[in-house]
Amino acid sequence: MNSTMTRTSTSLKPVSRPTFYWTLADALVMAKRNLKQIPRIPEELIFATIQPIMFVLLFSYVFGGAIQVHGISYVNYLMAGIFTQTVIFGATSTGIGLANDLQRGLVDRFRSLPMAKSAVLTGRTISDLVRNLFVVAVMWTVGLLVGFRPQGSLWAWIAATALLLLTSFAFSWISATIGLVARSVEAAQSAGFIWLFPLTFASSAFVPTQNMPAWLRAFADHQPVSLIVNAVRGLLLNQPDASTIWQAIAWCLGILAVFIPLAVLAYGRRTAR
Amino acid sequence: MAQNAILAEGLEKWYGKTHALRGLDLVAEEGTVLGVLGPNGAGKTTAVRILTTLLQPDGGRAEVAGLDVVKDAGLLRARIGLTGQYAAVDEYLTGYENLKMFGQLYHLPGSVARRRAEELIERFDLVEAAGRVVKTYSGGMRRRLDLAASLIMLPPVLFLDEPTTGLDPRGRIAMWEIISNLATDGTTVLLTTQYLEEADQLAHRIAVVDQGRVIANGTADDLKARIGGERLELTVAHRSDLEAALQAVLPYSSGEPQITTERRHLVVPVTHGAQLLTAVVRDLDAAQVRLEDLALRRPTLDDVFLTLTGHAATEETPEEIASDKQMIRSAR
């Protein structure tokens, strides 16, 4: 510390580039920042991975014997549900991360910088996508170990993974909106999770919907998680159904169309205080 | 005439039914330090947030570095630095990574962002800690890093919102040194604080804020002249000693001493009291005055408020508590 603190030999001239360049470049800086945090908070990623592994073991070994699925082994049926549940639950970290940044005053700093406004949100959703890709890769391995045997072509499996990532991205934006509206990190955590339980369990993720009561089945058959699970399942088991796949994609795009603007609005409101 | 680096006129802000700013005026000439002094909930943080474009005023206008805080917000952001009450740095990045990231977000070329980060780390005495994650830093180190991040672009105007709150005395003194160096270098600084001593040490001019408006304005000396400076407070063991005690301390007094006979209590206004203290004790001893208590008191924010408003700074009306909570929430 000395009295020439504010002098520098470096020329501090910002680079001049078109706006869309910075929209992307700033988002990547933010995404990189979030990704760097992951290995430094290993417990978070470990729990995010252990939880779906527990679900695999629980369903395939404990409940599996009691669940009858027509024509295929239960593990083969189950994995599409586990994959979908994993990316949807994994997407909750978006909202928690944003709530954390708000609470720590970091969002204030970002907002006082001449950076692209959207970068805080897009950077976070992109890094969570990468994180989810990693968790999905782990789940593939675990699945294969417990007897999951996908059928069909490699391209179909890649398409299934791509649909899962689109799902992850879409649900990240819902989670972002919740995280920005929530009053604390704890609230963001519970509010981000609680509504996902009925959505994933009252679906075709773990059990066929045929045995559900009629009213529940009406819901379960038409809600987005079931459609995504069915589309993924079709792709992994060589019974792809174009209509289901398009409906699943439409749901994801619809969620993005609604929740990207909502999250941006919430971001503006929340920090405009 | 020197230009005004900060000019706020009649700022108004409502949070729901809470009137947080009620026509706040602030002026800081280029290259000076303006101290904004006030208790919690007085509206200091709200004012800083408006001046740094984070919040829109409901009324009035403000210019910083010649730019309107509402209309020219985008341009202004490149010309100001802000260090808030919470050290807004990433806990899980290292000090170096934090500074590099902020440099990139200021759109400096990568190599410049790296060089600038190294430079600031050296100047802020963080070389040893640069490669550690911020989570392991002390409060003082975090604040220094936070301040370094605000200085990446050498902003001509810097806002420091309670920069020493929560720091230990050593950290506080280090921070004071940095701030006064910045001022020497020509940066205009707006500093909010709850400590009269801090404003006294650092600020060229002080604006005392209470309930969303400025209630007094001037140099530290102006304010002290209004509230009185230091005073010696004595309690003698026997009432009969009061007269002898008064005679002993009278030569050191800078104003009219006050005597409360029933409480055997004597209050003597002094200047540079700490330097006089030894001599006063010696003289009292020589006069064989038996003391029960002797204290040197500096005016505190409470004294300022008692004098200027008739109510204590810590006394919170329900309204102030409400606006306090608003600010805590908004800081999240």
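Everything numeric in this text was worked out from a predicted model, so none of it was measured. (Residues numbered from 1 in each chain as written. Chains lettered and ligands numbered in written order. Predicted model: local features only at pLDDT ≥ 70, side-chain atom pairs only at ≥ 80, totals over all residues.)

Attention now moves to the overall build of chain A. Each helix and strand in chain A was counted, giving 12 helices and zero strands. Listed by position from the N terminus, the elements making up chain A come as α-α-α-α-α-α-α-α-α-α-α-α. The dimensions of chain A, computed from C-alpha atoms along their principal axes, are 80 × 35 × 35 Å. Taken over 273 residues, chain A has a buried fraction of 44%. (Helix = DSSP H or I, 4+ residues; strand = E, 2+ residues; numbered from the N terminus. Buried ≥ 20, exposed ≤ 12 C-beta atoms within 10 Å, placed from the backbone.)

A word on the sheet that holds strand β13 (residues 265-270) of chain B. Two modes of strand pairing occur in sheets, parallel and antiparallel, and in both the strands are linked by backbone hydrogen bonds. Residues and elements named next belong to chain B. Taken together, four strands build an open sheet; the order of strands is β12-β13-β11-β14 and the sheet is antiparallel. Two strands in the sheet have a free side with no partner beyond their single neighbour: β12 (258-260) and β14 (291-297). The average undirected angle you get between the axes of adjacent strands in this sheet is 15°. One ladder, built from six bridges, connects strand β11 (residues 230-236) with β14; its direction is antiparallel. When the bridges of β14 are listed, E233 appears paired with A295. Against the sheet, helix α10 (residues 273-286) makes contact with β11, β13 and β14, and its axis sits at roughly 165° relative to β14, the strand it touches most. (Pairing = 2+ DSSP bridges. Axes fitted to C-alpha atoms, helices over the stretch in contact; angles between N-to-C directions. Contact = placed C-beta atoms within 7 Å.)

On to the sheet that holds strand β8 (residues 188-193) of chain B, then. Residues and elements named next belong to chain B. Spatial strand order, β6-β7-β8-β3-β9-β10: six strands in an open sheet with mixed pairing. Two strands lie at the open edges of the sheet, namely β6 (80-83) and β10 (213-218), each paired on one side alone. With strand direction ignored, the average angle separating the axes of adjacent strands in the sheet is 15°. Here strand β3 (residues 33-37) pairs with β8 via five bridges, running parallel. Residue pairing in the sheet places G35 in a bridge with L191 of β8. The sheet contacts of helix α1 (residues 44-51) involve β3, β7 (157-161), β8 and β9 (205-210), and relative to β7 the element is tilted by about 150°. Packing of helix α8 (residues 220-227) onto the sheet brings it into contact with β9 and β10, and relative to β10 it is tilted by some 105°.

This next bit is on the interface of chain B and chain A. The interface is formed by 45 residues belonging to chain B together with 33 residues belonging to chain A. Here the side of chain B that touches chain A is built from residues that sort into 22 nonpolar, 11 polar and 12 charged. (Nonpolar A, V, L, I, M, F, W, Y, C, P; charged D, E, K, R; others polar.)

This next bit is on the domain arrangement of chain B. As far as domains go, chain B holds domain 1 (4-225) and domain 2 (230-297). Relative placement of domain 1 of chain B and domain 2 of chain B: their C-alpha centres are 42 Å apart. (Domains from an automatic or database assignment.)

The next point concerns the pairing of β11(B). Across a regular strand the side chains alternate sides, sitting on one face of the sheet and then on the other. For β11(B) and β13(B), the ladder comprises six bridges, and the chain directions are antiparallel. Its bridge partner lying in β13(B), B:R231 is registered against B:P269.

All names here are of chain B. Along its 14 residues, helix α4 (residues 110-123) runs 20 Å from first to last C-alpha, staying within 8% of the 20 Å computed at 1.5 Å per residue. For α4, the full list of buried residues reads V112, A113, R116, A117, L120, I121 and R123. Seen along its axis, α4 keeps its buried residues to an arc of 165°; they face one direction. Looking at the packing, one finds that the buried side of α4 touches α3 (95-105) and α5 (139-150). (Expected span 1.5 Å × (residues − 1). Arc of directions from axis to C-beta.)

Residues and elements named next belong to chain B. With a phi angle near 50°, A65 is a residue other than glycine that sits in the positive phi range. The class for A65 is buried, based on 20 C-beta atoms found within 10 Å. For Q288, which is not a glycine, the phi torsion comes out positive at approximately 55°. Secondary-structure assignment places Q288 in the loop between α10 and β14. By the C-beta count within 10 Å, which is 9 here, Q288 ends up exposed.

Buried together is how nonpolar side chains tend to be arranged in soluble globular proteins. Core analysis: the biggest nonpolar cluster contains 151 residues, and A:V232, B:I6, B:A47, B:L51 and B:V64 have the highest contact counts within it. With 12 residues, the single largest contributor to this core is helix α7 (residues 154-181) of chain A. Within the second largest apolar cluster, 14 residues are counted, among which are B:L234, B:A248, B:V280 and B:V289. (Core = buried A, V, L, I, M, F, W, Y, C linked by C-beta atoms within 7 Å.)

With that out of the way, let us pick up the packing of helix α2 (residues 42-63) of chain A against helix α6 (residues 119-145) of chain A. All names here are of chain A. Between α2 and α6, the shortest axis-to-axis distance is 10 Å and the interhelical angle comes to 30°. When the interaxial angle is binned, α2 and α6 end up roughly parallel. Crossing hand, α2 versus α6: right-handed. Contacts between α2 and α6 involve A48, T49, P52, I53 and V56 from the former and V135, V138, M139, V142 and G143 from the latter. (Parallel < 35°, antiparallel > 145°, perpendicular 65-115°, else oblique. Left-handed = near helix turned anticlockwise from the far one by under 90°.)

The subject of this paragraph is helix α11 (residues 224-236) of chain A. Because an α-helix packs 3.6 residues into every turn, residues spaced three or four apart end up facing the same way. Residue and element names in this part refer to chain A. In a regular helix each residue adds 1.5 Å, so 13 residues correspond to 18 Å; α11 covers 18 Å between its end C-alpha atoms and thus fits that length. Most of α11 is tucked away: 13 of the 13 residues are buried. N238, located one to two residues past α11, shows a positive phi value of around 60°.

Moving on to the confidence of the model for chain B. Caution applies to low-pLDDT parts of the model: their predicted coordinates are not meant to be read in detail. All names here are of chain B. Across chain B, pLDDT averages 86, with 92% of residues at or above 70. Within chain B, the element-level pLDDT minimum falls on helix α12 (residues 318-331), averaging 40, and the maximum on α3, averaging 96. Low confidence marks residues 315-332, where pLDDT is under 50. Its contacts with residues over four positions away, or in another chain, come to 24 contacts. Both scores are given for the predicted complex: the pTM is 0.79, the ipTM 0.86. (pLDDT = per-residue confidence, 0-100.)

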